[in-house]
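Each chain, letter by letter, is given below.
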Number of protein chains: 2
Amino acid sequence: MPTDMPPLNPPKRLLLGPGPSMVAPRVYGAMGKPIVGYLDPYCFQVIEEIQAGLRKVFGTGNEFTIPVSGTGSAGMEAAVTNFAEPGQTFAIFVNGFFSERISEMARRQGARLVRFEKPWGEIFGDAEAREFIQRENPNVVAYVQAETSTGAFQPGKAICEAAHEASAVVIADCVTSLGGMPVEVDATGIDIAYSCSQKCLSCPPGLSPFTVSPRAWGRLEKRATPVQSWYLDLKLLDGYYKEHKYHHTVPISMLYALHEGLALVEEEGLEKRWERHRRNHLALVSAIEKMGLEMHVAAGHRLWTLNTPRVPAGVDDTKVRKRLLDEYGIEILGGFGPLGGKVFRIGLMGSSSTEQNVALLVEALQKALAADRDQAAKG
Amino acid sequence: MPTDMPPLNPPKRLLLGPGPSMVAPRVYGAMGKPIVGYLDPYCFQVIEEIQAGLRKVFGTGNEFTIPVSGTGSAGMEAAVTNFAEPGQTFAIFVNGFFSERISEMARRQGARLVRFEKPWGEIFGDAEAREFIQRENPNVVAYVQAETSTGAFQPGKAICEAAHEASAVVIADCVTSLGGMPVEVDATGIDIAYSCSQKCLSCPPGLSPFTVSPRAWGRLEKRATPVQSWYLDLKLLDGYYKEHKYHHTVPISMLYALHEGLALVEEEGLEKRWERHRRNHLALVSAIEKMGLEMHVAAGHRLWTLNTPRVPAGVDDTKVRKRLLDEYGIEILGGFGPLGGKVFRIGLMGSSSTEQNVALLVEALQKALAADRDQAAKG
């Protein structure tokens, strides 16, 4: 009997794009374990262990630290919908795609947006960041710590200090940093941080680690208007995670995955894991520069997790990436927006960040670029 | 070295509550397959096959039929946030917990709510439903086809006809019916329907099957205000599912799970699957009534998927359920809201709906009730 649902037979990919990254084999194993109900005592045990593990990778003592039941974008929306109030001032540092997305979400909440813009790939200096916040006196400040669209790392200490002086709470997007480089929520002064499961935590996509400081929680208690989202209303989620009251049915197999991903972080050691990411990033940059390619982000401002070499003049990045996928099974992605066609985006995150993968990618990229030049020369 | 992340070792449960139900072994296998990226051609192949499979179980030709990247409650929120506009009239049939939740979501969107209420477990007759809609002349009508909190099935044909005469679109909650009993979106006239992965489709929780009629899509095109949710904005999701433009990173392992769950539906045959659910439901009801328990929902209005026998007088349902879990490893849940302590909620959904499970549950429930009575007699 012919069927419209042929058996699943996914191709083997080496995932070196901006995410998802390779899933650790043990994580696949965890997802095969029998599920339990959302009110089962075992479910709450798993959740508590996940919460403890997330506090460590976030670098926080925040009690409210949970996995939001959606992808990283759901975490972003949870941050914005709970803390952007209609008519209040929402200050945003815009230097890439994900800060644009935060702006769009805040606009939909009816917030009064004030934006400090820089070209994609640059970062904000301490003095100018402080000045912007002092001038605008916002209720909420948002910035992207690890900008997946550009590969730039934005330090946050000056931003958080100035924001707190203005009595604002600070949202930081840590989607591409959590588990791969220092996030340091408490030491930096971040009030609301979110990430995802499928990058440096070596899990499939589907969960968004999320944390809220007591300071920000106090803000939530005083909100004048109801949060527009019921699904992402943090006070309702607190009722489930703290008081075990039904809210929604948590995605238990994904929770098993995240639990295993966090166990792997614990076993490796968080600082050793950061160092592994740093080392492989430096090795890639060195090899890339030896090939004659230039990095888009200035040295010292680069993520260890997501690398953006510029596409050499005369090279069609789409063709090169298609060749990498078809001939080597390697996924990397290109730039978009103002960086469309101008950079490659190469992720070395979680299980994908290995010395061997750096070597494989460098060799394949060299060959793909050479083949592209050959083809161009033949006209 | 002591670790805060002990190995996962979930207890074996027979899941006969209102969801999650038992995951089919092949579905666990599917989640172990290697993931690919969200722009990988293979990802779009899997998605297209899922879309075709979902159209069949929903009983619809709707082009926009997708798995929303969240749990069933995210599907409900997607329905409400896209179709409830501030100030517009939103009519809701309220006879259980999930219609109350729809009301709460619509209220947060700023809609003008009009409610037709009935006691939990009753359903709405055709004439009174029509009259309500004609009187209120709403923009949107919502009802719960399969009410998980009561076990009642609400026919929708009269509701949909009256709604369309009033130029309203109709939202139907099919969370507990999809894949277990006829949903018949097109034949009924439903415009927006959503469900979940963890009930009659035998997958873990984490996805919400979702469909929108062309009539409702036209409404979306004419919306005067932006949808408050970016994550659940259907027009943006259409950009990903139809035009393959990046929106969010889809939960690929959960998509593999749903693909396998839908393949199982296809192999069994949808009508045979409905018949299996009906047969096991009738067997359970018959055994329950022989035990002297009374069903809460009137015959003819009962779901085949979720059964609500009344808790006998003098019995503490919490103790009985704890005994079932601790001694037999069987999860069922109790009632809540006005049905708190008054009914058991016994699910026979997807892989959980078998003759053997009916027998196991009936025997265990008999023993647990007897033990509870013994204990009560001993005082």
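Scroll up a little and you will see the structure.
Residues numbered from 1 in each chain as written. Chains lettered and ligands numbered in written order. Predicted model: local features only at pLDDT ≥ 70, side-chain atom pairs only at ≥ 80, totals over all residues. Heavy atoms only, no water.

Peer 1: I'm lost on the overall build of chain A in this one. Help?
Peer 2: The helix and strand inventory of chain A stands at 13 helices and 14 strands. A compact globule built from 379 residues would reach a C-alpha radius of gyration of about 21 Å, and chain A, at 21 Å, matches this within 12%. Viewed in the frame of its principal axes, chain A has a C-alpha envelope of about 65 × 60 × 45 Å. Residues classed as buried in chain A amount to 64% of the 379 residues present. Look at the contacts in chain A between residues 6 or more apart in sequence, and 72% of them connect residues 24 or more apart. Accessible surface, chain A as shown: approximately 13,100 Å² in total, 52% of it carbon and sulfur. Seen as two clouds, the 40 positive and the 43 negative side-chain charges of chain A have centres 3 Å apart. (Helix = DSSP H or I, 4+ residues; strand = E, 2+ residues; numbered from the N terminus. Rg over C-alpha atoms; globule rule 2.2 N^0.38 Å. Buried < 20%, exposed > 50% of the residue type's maximum accessible area, 1.4 Å probe, protein only. Contact = heavy atoms within 4.5 Å. Areas by Shrake-Rupley, 256 points an atom, 1.4 Å probe, with all protein chains shown as cover. Lys, Arg positive; Asp, Glu negative; His and termini not counted. Charge placed at Lys NZ, Arg CZ, Asp CG, Glu CD.)

Peer 1: Please clarify how the relation of the copies chain B and chain A should be interpreted in this entry.
Peer 2: Each copy superposes on the other: chain B lies on chain A with an RMSD of 0.0 Å after a rotation of 180° and an axial shift of 0.0 Å. Classification of the inter-copy transformation places it as that of a two-fold axis. Considering only C-alpha atoms, the residue of chain B closest to the rotation axis is Gly-70 of chain B, which sits at 2.6 Å. Both copies contact each other with a shared surface, as 99% of the interface residues of chain B are interface residues in chain A too. (Least-squares fit on C-alpha atoms with pLDDT ≥ 70 in both.)

Peer 1: How do you make sense of the sheet that holds strand E9 (residues 192-194) of chain A when you look at a structure like this?
Peer 2: Strand-to-strand pairing in sheets goes through backbone hydrogen bonds, with the strands running parallel or antiparallel. Residue and element names in this part refer to chain A. Taken in spatial order, the 7 strands line up as E2-E10-E9-E8-E5-E3-E4 in an open sheet, and their pairing is mixed. Each edge of the open sheet is held by one strand with a lone partner, namely strand E2 (64-68) and strand E4 (112-117). Sheet twist, expressed as the average angle between the axes of neighbouring strands with direction ignored, equals 15°. Taken together, the 3 bridges between strand E8 (residues 169-173) and E9 define a ladder with parallel strand orientation. Of the residues in E9, the one forming a bridge with Ile-171 is Ile-192. Contacting strand E3 (89-94), E4 and strand E5 (140-144), helix H5 (residues 126-136) crosses the sheet at an angle of about 160° to E4. (Pairing = 2+ DSSP bridges. Axes fitted to C-alpha atoms, helices over the stretch in contact; angles between N-to-C directions.)

Peer 1: What's the story with the pairing of strand E10 (residues 208-212) of chain A in this structure? I'm lost.
Peer 2: Here is the key point about a regular strand: its side chains alternate between the two faces of the sheet. All names here are of chain A. Burial runs high along E10: 5 of the 5 residues are buried. On E10, burial covers both faces: Ser-208, Phe-210 and Val-212 on one face and Pro-209 and Thr-211 on the other are all buried. Relative to E10, E2 runs antiparallel, the two sharing 5 bridges. Opposite Val-68, over in E10, you have Ser-208 as the bridge partner. Pairing between E9 and E10: 3 bridges, direction antiparallel.

Peer 1: Sorry if this is basic, but what is going on with the interface of chain B and chain A here?
Peer 2: Interfaces are often sized by the amount of accessible area the parts lose when they come together. In this complex, chain B contributes 75 residues to the contact, which on the side of chain A involves 74 residues. Between chain B and chain A, the buried area comes to about 6,400 Å², and carbon and sulfur atoms account for 64% of it. A per-residue breakdown of the area chain B buries against chain A is headed by Met-5, Leu-8 and Arg-108 of chain B, which together make up 14% of the total. As a salt-bridge pair, Asp-40 of chain B and Arg-13 of chain A come within 2.6 Å of each other at their nearest N and O atoms. Viewed at the interface, chain A and chain B are joined by 28 residue pairs in polar contact (both at pLDDT 80 or more). Of all the secondary structure elements, the ones that give two or more residues to the side of chain B that touches chain A are helix H1 (25-31), helix H2 (41-58), helix H3 (72-83), helix H4 (97-108) and helix H10 (252-268) of chain B. Examining the composition of the side of chain B that touches chain A, we find that 9 residues originate from one element, H10 of chain B, more than from any other. When grouped by side-chain class, the residues that make up the side of chain B that touches chain A number 40 nonpolar, 21 polar and 14 charged. (Buried area = accessible area lost by both parts, 1.4 Å probe. Salt bridge = Lys/Arg side-chain N within 4 Å of Asp/Glu carboxyl O. Polar contact = N/O pair within 3.5 Å; in protein donor to acceptor, adjacent residues only side chain to side chain. Nonpolar A, V, L, I, M, F, W, Y, C, P; charged D, E, K, R; others polar.)

Peer 1: Any chance you could explain the layout of surface pockets here in plain terms?
Peer 2: Where empty space is left can be seen by rolling a probe of water-molecule size over the atoms. As a volume, the largest pocket reaches approximately 420 Å³. Lining the largest pocket are 20 residues, and of these Leu-39 of chain A together with Arg-321, Ile-332, Leu-333 and Gly-334 of chain B sit closest to its centre. Mapped onto the lining of the largest pocket, the elements with two or more residues apiece are helix H12 (317-328), strand E12 (330-331) and strand E13 (333-334) of chain B. Here the residues of the lining of the largest pocket are counted per class, giving 9 nonpolar, 4 polar and 7 charged. (1 Å grid on protein atoms, 1.4 Å probe; cavity = no way out; pocket = protein on both sides within 12 Å on 5 of 7 lines; lining within 4 Å. Points joined across faces, edges and corners; volume = space filled by probe spheres on them.)

Peer 1: Can you walk me through the nonpolar core in this structure?
Peer 2: Side chains of a nonpolar character, in soluble globular proteins, are inclined to be buried together. Counting 198 residues, the largest nonpolar core has Phe-90 and Phe-210 of chain A together with Phe-90 and Phe-210 of chain B as the members making the most contacts within it. Setting aside residues no more than four positions away along its own chain, Phe-210 of chain B makes contact with Phe-58, Phe-64, Thr-65, Ile-66, Val-68, Gly-75, Ala-78, Ala-79, Ile-192, Ala-193, Tyr-194 and Leu-234 of chain B. (Core = buried A, V, L, I, M, F, W, Y, C linked by side-chain atoms within 4.5 Å.)

Peer 1: Just checking my understanding: could you explain the pattern of salt bridges for this structure?
Peer 2: Close approach of charged atoms lets side chains of opposite charge pair. Counted according to the given criterion, the structure contains 51 salt bridges over all chains. Among the ionic pairs, Arg-26 of chain A bridges to Glu-267 of chain A, the shortest N-O distance being 2.9 Å. Separated by 241 residues along the polypeptide, Arg-26 of chain A in helix H1 (residues 25-31) and Glu-267 of chain A in helix H10 (residues 252-268) bring together distant segments of the chain. Judged by its relative accessible area of 51%, Glu-267 of chain A falls in the exposed class. When salt bridges that share partners are traced, they join Glu-104, Arg-107 and Arg-108 of chain A together with Asp-233 of chain B into one network.

So far we have only geometry, and geometry alone does not tell us how the molecule works.
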